[in-house]
Structures are given as structure tokens and as C-alpha cells.
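Per-entry structural report
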Amino acid sequence: MCHRNYFSLLLLALSASTSFTFARQSATAATANFGKILTFAGQDRVRVAASFSADDETGTIEFTGKISKAANGQLLWQGPLGRADNTRGATISISNTVFGLKPELWSPISPTLYNFEVSALRSGKTLTSKKVRFGFRSFEIHSGQFHLNGQPVFLRGVAINPPGRGIPDKVAESRKFAEDYVRFLKSQNLNIFRISTDESQVWFDVCDELGMMLYAGRYGSPPATEPGKKSPPKDFAASIAGYKKIFEGYASHPSIVEYYLSNEMPYQGERGAAFHDFLTRACAEMKKWDDTRPYIGNAGYGEGREGDVCDVHRYWGWYYNSFLTYYNLRDKLFPEPLFGDPKKNQPLTFTECVGSFTGSSGEFNVVRSKQLAPSLGWVGHTETPREDALAYQSFMTKQACESFRRMRPQNPRLSGLMPFTILFYNWSGISSFDQMKPKPVMDAMRTAYQPVLLSWECWTPQIYTGSAINPIAHVINDDDQKRELRNATLNFHIRAKDGRQFGAGKILLPPIPYFGTWSKTIPLKIPADLPTGEYWLSGNIEVSGEIRSTNSTEIFIAGNDWKKSTLANERSSRGNEAPSSENSEPPHVGCYDPSGATAAALEKLGIVFERVTDLSAFSTRMHSLILGTNPGNKLKLELQRFVRDGGRVLCLRSDSKSFETDWLPQKISFFTSSPNDVDYPPLSRPFREQMNVNLERPDHPVFQGLERRRFLLWSDYSGWNQTKKGFPKIYPVTAGFKLDSPDSLARTAILADYDRGLEGIALCEMFDGKGSVILSGFDLVNRVGLDPVVDRLVANLVAYSASKSAHEIHPLIEKPIRWGDYPTERGVASGSLNGLLVNAEWIRSPSNPRALPLAPNTGAWNMLPSEQFSPRGRHPFGAYSYSTASSLKESNTNSSAGEGFFWARISAGKKFVITTVKNPSNLAADFTVKVNETK
């Protein structure tokens, strides 16, 4: 009885919404049949659109519909959809909306599906029927946030996925593979992703059934666009028809929650204006056709100008900038939003970001066009390219995903993130999903995408035992079941590698509503008796014995043994150096520092020195001078004379604004831009400041007791947190510079470099006469006493500058150099000034032993992620550089000849050098070698 009453109410609604259109065209079917049936569903309504044709006799056709659960056939609604007179050879278009329904809604945790069956009857007899599967749900935008079924939702996604990407088509399009892949992503806390093709009903069906959201559309230019993105389609109607043809395959799938019309179209100048006008008009036209999803008009570059979502592609921390650039997204701390029109109040998504493209070996996929320069900037000339590449990929993914969610109190529009990075080792040649094998980055993503997220904000990654730190614990409640977090406890501790725990504590959390956040500073005292090593600040959120979230952040803790093992202390125990017959007194160290900051730092470290106020009266028995400020015009000649006579000058505080460089032995230029700047592309490169410093000569005395990974990030000395303006002071380098001429390499030892292609210099020693100048771009003085790595580096630098021995310009080569194997090169080819460009060779994927080799220096790191290219040799290329977005730039494009050079020392008695040369082309080439300018 209740069901019949409900049905009567629906009929009233239908009578006002039924519409029919007729189009005469030739019918090819021999019997009555339905063409495509599309459904456009919300929470309580569904519009059905279908086409029908019958080429037999004319007559009145009655249409009826039935909605039932796909799982068990339980009836939700049935009733008439109207009637129409059939004309032989004509197609009837049916469009009708059913209102007032009360279905079970589709969602990732409850992917309920229904069937809509449409029937055609004549005189009460069914001619034909056809059904389509769909789901009821709403996906809308309210107050700058996405809402699924009326509740806000944060999109936790990834952008590089099958089908395609080198996976065999038969495997990628199989239902078993799609199910295994989607189930795995769900187990890793993802709730949305993008497939690599315009259309795949197998994948759409699987996502419908398993509860995985998708964003889909035209990944490229609009339909009917001429190649090259020169202009938008000239035939608007043809392009719209092309869109509808694609989207007809999407409409009935509840898993597809966003449509995008194009990807990275021009957005500036006349072309940008033309594409903007076209995409704006196309969005409006397509929303008339399907208004159940938001639209992205120009993915990545449109910033919401043409659609409903402010979507952005930024590869901060890969091709340019750093992970700190994300903190520019805190709208409340800046005069205006970084992206989008604030009046539109659109959700902000990054549907491509992160990068860090590792290949099948785990190493970065070195392709010259855009991959070589960033890969060098982030892992440098490491001895462990696989481990360091995988570690950085995990680090960058974790930072991007967690900060995006953590900053929501400062910018509520932050609504979704989809890293464009390679999560699996194997793609090419696989026959099943289990052969793909996830990389460590997947663990980082799973942690960052926990529905209830505990995230640590800690800007002091390197500290001493006995010191106090003030990390901030952030809790973000995006619980998939929309539950309030109640009666929860935050447990935390310091954990050693062996699992031992120190300084444990707990805090009872207040109730945190769904989609709410909570933050609190947790003062921690590091136990004074811990040995030097790597530790983790770890924590979890517990509710009634259930662990709802876990997370940790790495901390390096220096114990009491740390300061005792510096180069300075070792030499001071021997009287700084063994006494000579000429001078039984150890060399003295002077410090010229009118401001006093450098001198105070040296005193804090217990370094003995003499304050120098007048360099012209500087004692000849002093061998080393520490320069703590700009020398000024009066001192330049004295400094040059002091160096040429055998003195050492250590410049600890240099900066691009006040430090005068014309007295230095070599010409240099300071960099001016910052990775924190948001200009796209960057205005200039390399950046003056940066993280991940590369040690070109890791066995050099100044780096004694220090590893490369200790130069990734240093501890902040400003007390910054994300509620404050600006950025934390964590970059090791803040005053980077470059040599102006390749000729300077003859008299300069580059000890540490950084950034794009390692073109930025962080530390070098310039030789002149009998002495030298050690120039540092590191931010050292401000951190003395806080960061143990800085303390050791400063002590080592002072001891080295005071030493009368072991100052060598060029590295000693005692073992063969395998060009492209960076550790064996020992820093002889530090950057582009040498003109020796890395050659990248194809490495066969373990999952496809029969794969045909690819030519050197080709590849597609994102479209063919299994096709690994790794450094193997170097080309005498000649002068080259990189664009600000890290693409290779050849300086002399008119010449087919290339050249390169390096400087090195060899052991006494060595008379020959054997060089292996390979010519991979089919053209003959001349190769000439000069040693000390002799052929």
C-alpha cells in the first residue's frame, strides 16, 4: 500500500518533466531497439536520456522505466516515461527526470548501484528493453569545497595510472587487473585517481563497484583542435559533439565525479585569450548537457577561469622550487590568494605535482630533456643513486600530501591533491598486477592519506641530546565514515632504530568534528644520554584501543661524543699540527668581524682566535683569517696581498647584497631568486637558497665526520611555524653563487654545490699565489649551538683554513673513472662549466626481458615509466645550460662539434691515460684528446 502511494506521487512529478524530441533518419535495425541510454543522477533524482528506433509499421510507442538495486533487484521505482508516435525510419529521443526518490547513495565506503531499465511497448506488448547501471550521489561545490552527498570531502588521489604507460593492452584492460589495482589503491587510503585513457568501461565499472572516485575527460587539446595548440577549434559544434561522444561513456558512472575539458592549454597572450573564450563557452554548453559534476576547463593552467575548479599543476620540489613553496598556499597569511579568483571561491586542487620520476631500477629516470637537471639537484653525485632517489621521492610526496591537508585552517579551499609520480617499479611486459611492485613512496602516500591524519610539524631536524624541541602535532579528521573523533588519545615518543622508546607521553584530544582540524605544540626534552644517531619522533591516535592514525618524522640527534670528533679538536689535541723546525708555535687564527656575530659564534664553539680590527697590521705569524663581514674597499688590497703571500681567508658570512667580490681570486656572481618565490616559470636559476646540498668531494677535510644526507635540511633558528608569515630558516644554503668563467676551474676547488644541474656553488676554495680564499654560501653563523652539523662544519672549516697542508686544488685520481658513475669521477666534472654532458643509456626492465632497446638519451619518464635511463658515460658536448624549468639548453646550436675538459691530479709515476670512446651514431666522427694542451 505504501509503495503504491509513493508511485502515485512520482507520476505527478513526471507529468511536468517529460520531454520528447524526434529526428528523422534512416533506421538500420530490422527490429525495434534502443540506442544509448544515459543517466544523470543526483541524490534524489535521475534524468534518463535514450534513443529508440523501429523500422516496422508506424504506431504509438509507450515508454516505461524501472529502477532497481543492481545487487538484489529490489525495486525502487517504476512508472511511465511517456509515449510518442513512431514514424517508420525515425529515431525517437527520450529525456525524462524522475524526482523525489529515496535511494541508498553511492559513496567510496558504500558503493550502492542501481539499474535503470527502459522498455518500449506497443498495445501493451513489450517490443524491447534495455538497462544501464548507475548510482545515486551528488558531487557539488559549496563554500569553496567539494561535497559528496552533502558532506565535505578531501580528494586523496594520484595521477599516473594504467591503462597504458607500457602495460600490455590485454593486461591493462582486463577486469582482473583493474580490480586488483583499484583494491590496492583503496587499501593505501586513496579515494580518487585518473586513468590514462579517455575511456575504459572496464575501469569505470570496477571503480563503480569498489567505490573509487575518478576524474576523467579530455587529457589534451579539445576535440577538433589543430595540432600544436595554435588556436582553439574553429568548429565549435564539432568540438562539442566530440566532447559529448567522450562523456556519454562517463555519464552513468557514479565514480566519475569531475569532468575536465582540456589539459595545459595556452593561457597567456592572444592564444590564451582565444582558448579561454572557447573553453568558457564549452563549459557552459556541456553543463547544459550534464550538470551533475563540476568541470575543469583547462586542467593545470586554467586556475578556474573557465570552469568550476581552480586546478593547478606545479612541480615544486622537482623541476623547480622546493617543498616549502607549498606554504604560499596559506591564503589567510597573504594579501590575496595565490591561485584563482577569490570572488569565485572555488576548490583548489593540484591534479599534477611532485614529479620525482623514478624508473624500474628505483633510480631517477635520467632523460636529458627535463630529468637530468632536477635529478642532479635533488640527489647530486651520490654513491647510492637508487636509495637516495627513492628516499627523496618519498620525502617530496609526504611533504606535499601532508602540508596540503595540514594548511586547511589557513586556506579552506585546499580540496585535493594528485601527485604525478611513479608509484610502481614494473609496467612494461607485466601479466598481472602483483608484478608491478609498489615503491617506498607508496608507504609515504598511504601515511599522508590516512583518513584521520596525525602530521608532525617539526623544523628542527638536527639537534643535540639534552636540548628541547617544540614540534606541533596536527590532527586532520577526514574520516571516511564521517565520524567525529571522540575520546581519542595522542601517544608520542622518540624512537631509536632498534625500536627503543624515549620521552614517551600522551595527550587526551578534544572532540574533533568530521572535516575538522586540531593542532598543539608539544614541548619535548631530548634525553641527555642518547648516543649519536638517527631517531624518529613518532606518535599515534588511539580510540578505545583502536589505532586510527600513526606517523613519524626523522630527527638526527648528536650525543656527547659528537663535538669531540671534529677536525678542530683532533688537531688541537696534536697542537693543531705537528711542530716544525721552522716554527714550533701552532698557526694562529684571526677574525675580522666588526659586527661581532661571527666572533660570538666562534666563542660559543670554543674556537681560539684573535680579534683583528686592522688588517694592515695583521701579524705575519697568523696563517688564517676568518672574515665575518664585508671587507670593504680599504681592506681589499690587504686581503689580496695576504692571500698571495700564503694566507688563508675563510669567508663565513657572504651575501649577494653587501658582499663585495672584486677582490676574490676568481670572478663570481651571486644568485638572487628564492625557491620560495612562486613565479612560474622561475625568473632566474639557480636559486640563491636551497636544500639538498651535494658534497662534490665528500672525503675533503672540511666534511670530516659529515654525510651528504646531513646537508638536506638544517634546523630552523627563527621559531617559525605554519601560522606565521614567511618561511622557516631551514635551507643550508642562503647565499649561493657561480663562477663566471669555465677557466676559473683551473684555480678553484668546488667542494659543495646544489640546485638545477648542480650549477649553484655552496662552498669552494679559490687559489691565488701561495694562499687561497674559502668562500661559503652556507647559512652557518645563525645556527651555531643549535644544529650539530653546522657546529662540526664550522669547526672543520676553521681547522682546515688554519692548516698549512692538504690544500689541493684538484682531486687525486688513483682509480679508473667510469664516466657517469659519479663517485668514481670524484668531483672532476661538477657542473655544466666542464662541458661534459651526462649520457643516459636504456636499462632493460626486469619485467620485460624481451623488450627492444631504446636509443640513448630518449625515453618518456611519465608515459613509459618502465623504460629506465641511467647515466652511462659523458659527451664532450660543449657549452650548455638549463632553462629555469630545467630543460637542457645548448649554447651553440650552429656547431656540430663538441668539447669538454676536466682537471685532476694523478699519482707520481703515472704516464698514460686510457680513454674508452663510443660512437653510437652511423656517422664517422673525429675525436681529439689533449692532455695539458698537448694532443
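Note that the structure is predicted; figures quoted are calculated from it, not measured.

Calculation criteria
- Residues numbered from 1 in each chain as written.
- Predicted model: local features only at pLDDT ≥ 70, side-chain atom pairs only at ≥ 80, totals over all residues.
- Heavy atoms only, no water.
- Pairing = 2+ DSSP bridges.
- Helix = DSSP H or I, 4+ residues; strand = E, 2+ residues; numbered from the N terminus.
- Contact = heavy atoms within 4.5 Å.
- Axes fitted to C-alpha atoms, helices over the stretch in contact; angles between N-to-C directions.
- Expected span 1.5 Å × (residues − 1).
- Buried < 20%, exposed > 50% of the residue type's maximum accessible area, 1.4 Å probe, protein only.
- Polar contact = N/O pair within 3.5 Å; in protein donor to acceptor, adjacent residues only side chain to side chain.
- Parallel < 35°, antiparallel > 145°, perpendicular 65-115°, else oblique.
- Left-handed = near helix turned anticlockwise from the far one by under 90°.
- Nonpolar A, V, L, I, M, F, W, Y, C, P; charged D, E, K, R; others polar.
- pLDDT = per-residue confidence, 0-100.
- Patch = residues over 30% accessible without salt bridge, like charges linked within 9 Å, V, L, I, M, F, W, Y side chains within 5 Å.
- Areas by Shrake-Rupley, 256 points an atom, 1.4 Å probe, with all protein chains shown as cover.
- Salt bridge = Lys/Arg side-chain N within 4 Å of Asp/Glu carboxyl O.
- Phe/Tyr/Trp six-rings, centres within 6.5 Å; stacked < 30°, edge-to-face > 60°.
- Lys NZ or Arg CZ within 6 Å of the ring centre and 35° of its normal.

Here the focus is the sheet that holds strand β19 (residues 310-314). Taken in spatial order, the eight strands make up an open sheet running β18-β17-β16-β15-β14-β21-β20-β19, and their pairing is parallel. Since the sheet does not close on itself, it has two edges, and those belong to β18 (295-296) and β19, each with one partner. Where strand β16 (residues 213-217) meets strand β17 (residues 256-260), four bridges bridge the pair, whose relative direction is parallel. Its bridge partner lying in β17, Leu-214 is registered against Ile-256. Along the sheet, helix α8 (residues 385-406) contacts β14 (155-158), β20 (348-353) and β21 (414-417); its crossing angle with β21, the most-contacted strand, is approximately 160°.

Taken in spatial order, the three strands make up an open sheet running β11-β12-β13, and their pairing is antiparallel. The open sheet has two edge strands with one neighbour each: β11 (139-142) and β13 (151-152). Here two bridges tie strand β12 (residues 145-148) to β13, and the two strands are oriented antiparallel to one another. Bridge pairing links Leu-148 to Gln-151 in β13.

Taking 1.5 Å of rise per residue, the 15 residues of helix α13 (residues 788-802) would be expected to cover 21 Å, and the 21 Å separating its terminal C-alpha atoms lies within 8% of that figure. The element α13 is extensively covered by neighbouring structure, given that 15 of its 15 residues are classed as buried. Between the side-chain oxygen at the start of α13 and the backbone nitrogen of Val-789 there is a gap of 2.9 Å, and the oxygen is on Asp-787.

By the criterion of burial, strand β41 (residues 771-776) is predominantly enclosed, with six of the six residues buried. A two-sided burial pattern is seen for β41, the buried positions comprising Gly-771, Val-773 and Leu-775 on one face and Ser-772, Ile-774 and Ser-776 on the other. Where strand β35 (residues 648-651) lies against β41, four bridges are found, and the strand directions are parallel. By the bridge assignment for β41, Arg-648 is matched with Ser-772. Hairpin connection between strand β40 (residues 760-768) and β41: a loop of two residues separates the two successive antiparallel strands, and Gly-769 in this loop has a positive phi of roughly 60°.

Another point: the packing of helix α3 (residues 175-187) against helix α4 (residues 201-210). For the pair α3 and α4, the least separation of the axes is 9 Å and the interaxial angle reads 45°. Classed by the angle they form, the pair α3 and α4 counts as oblique. Crossing hand, α3 versus α4: right-handed. Two secondary-structure elements touch here, α3 through Arg-175, Phe-177, Ala-178, Glu-179, Tyr-181, Val-182, Arg-183 and Lys-186 and α4 through Val-202, Trp-203, Asp-205, Val-206, Cys-207, Glu-209 and Leu-210. Here the contact of α3 with α4 is built from residues that sort into nine nonpolar, no polar and six charged.

Further remarks concern the confidence of the model for the protein. Residues of the protein with pLDDT of at least 70 account for 93%, and the chain-wide mean is 92. In the predicted structure, residues 1-30 sits below a pLDDT of 50 and forms 58 contacts with residues beyond four places in sequence or in another chain. Taken together, the stretch residues 572-584 has pLDDT below 50 and engages in eleven contacts with residues farther than four places along the chain or on a different chain.

Let us look at the pairing of strand β10 (residues 125-134). As paired strands, strand β9 (residues 114-122) and β10 are joined by nine bridges and run antiparallel to one another. Looking at β10, one finds that Ala-120 is bridged to Thr-128. Taking the residues that link successive antiparallel strands as the turn, the β9-β10 hairpin has two residues, and the phi of Ser-123 there is positive, at about 55°.

Side chains of Val-913, Val-917, Phe-927, Val-929 and Val-931 sit close together on the surface and give an oily, nonpolar patch of about 440 Å² of accessible area. Structurally, the position occupied by Val-913 is in the segment after β47 (905-906).

Within the structure shown, the criterion is met by 70 aromatic pairs. Where Trp-318 meets Tyr-319, the ring centres are 6.2 Å apart and the plane angle is 55°; that geometry is what we call tilted. By relative accessible area, Tyr-319 is classed as buried at 5%. The interplanar angle of 50° and the centroid separation of 5.9 Å between the aromatic rings of Phe-711 and Phe-778 together place this pair among those described as tilted. Of the two residues, Phe-711 sits in the loop between β37 (694-695) and β38 (737-739) while Phe-778 sits in the loop between β41 and α13, which places them 67 residues apart along the sequence. Judged by its relative accessible area of 0%, Phe-711 is buried. Taken together through their ring pairs, the aromatic side chains of Tyr-267, Tyr-301, Tyr-315, Trp-318, Tyr-319, Tyr-320, Phe-357, Phe-364, Phe-420, Tyr-680 and Trp-861 make up a single cluster. Sitting above the plane of the Tyr-319 ring, Lys-370 keeps its charged end 4.3 Å from the centroid. Positioned over the ring face of Trp-562 is Arg-792, at 3.7 Å from the centre of the ring.

This part takes up the environment of Leu-537. Of note, Leu-537 is situated in strand β30 (residues 533-543). We classify Leu-537 as buried; its relative accessible area is 0%. Remark: the alpha-carbon pair of Leu-537 and His-493, spanning 44 residues in sequence, is separated by 6.0 Å. Not counting residues within four places of it along the chain, the set of residues in contact with Leu-537 comprises Trp-456, Pro-471, His-493, Ile-494, Leu-524, Asn-551, Ser-552, Thr-553 and Ile-555.

With that settled, the discussion passes to the environment of Ser-361. Within the element layout of this structure, Ser-361 appears in the loop between β20 and α7 (372-379). Look at Ser-361 and you get partly exposed, because its relative accessible area is 24%. With residues up to four places along the chain from it excluded, the contact list for Ser-361 reads Arg-386, Tyr-425, Gln-868 and Ser-870. There is a polar contact of 3.2 Å between the side chain of Ser-361 and the backbone nitrogen of Glu-363.

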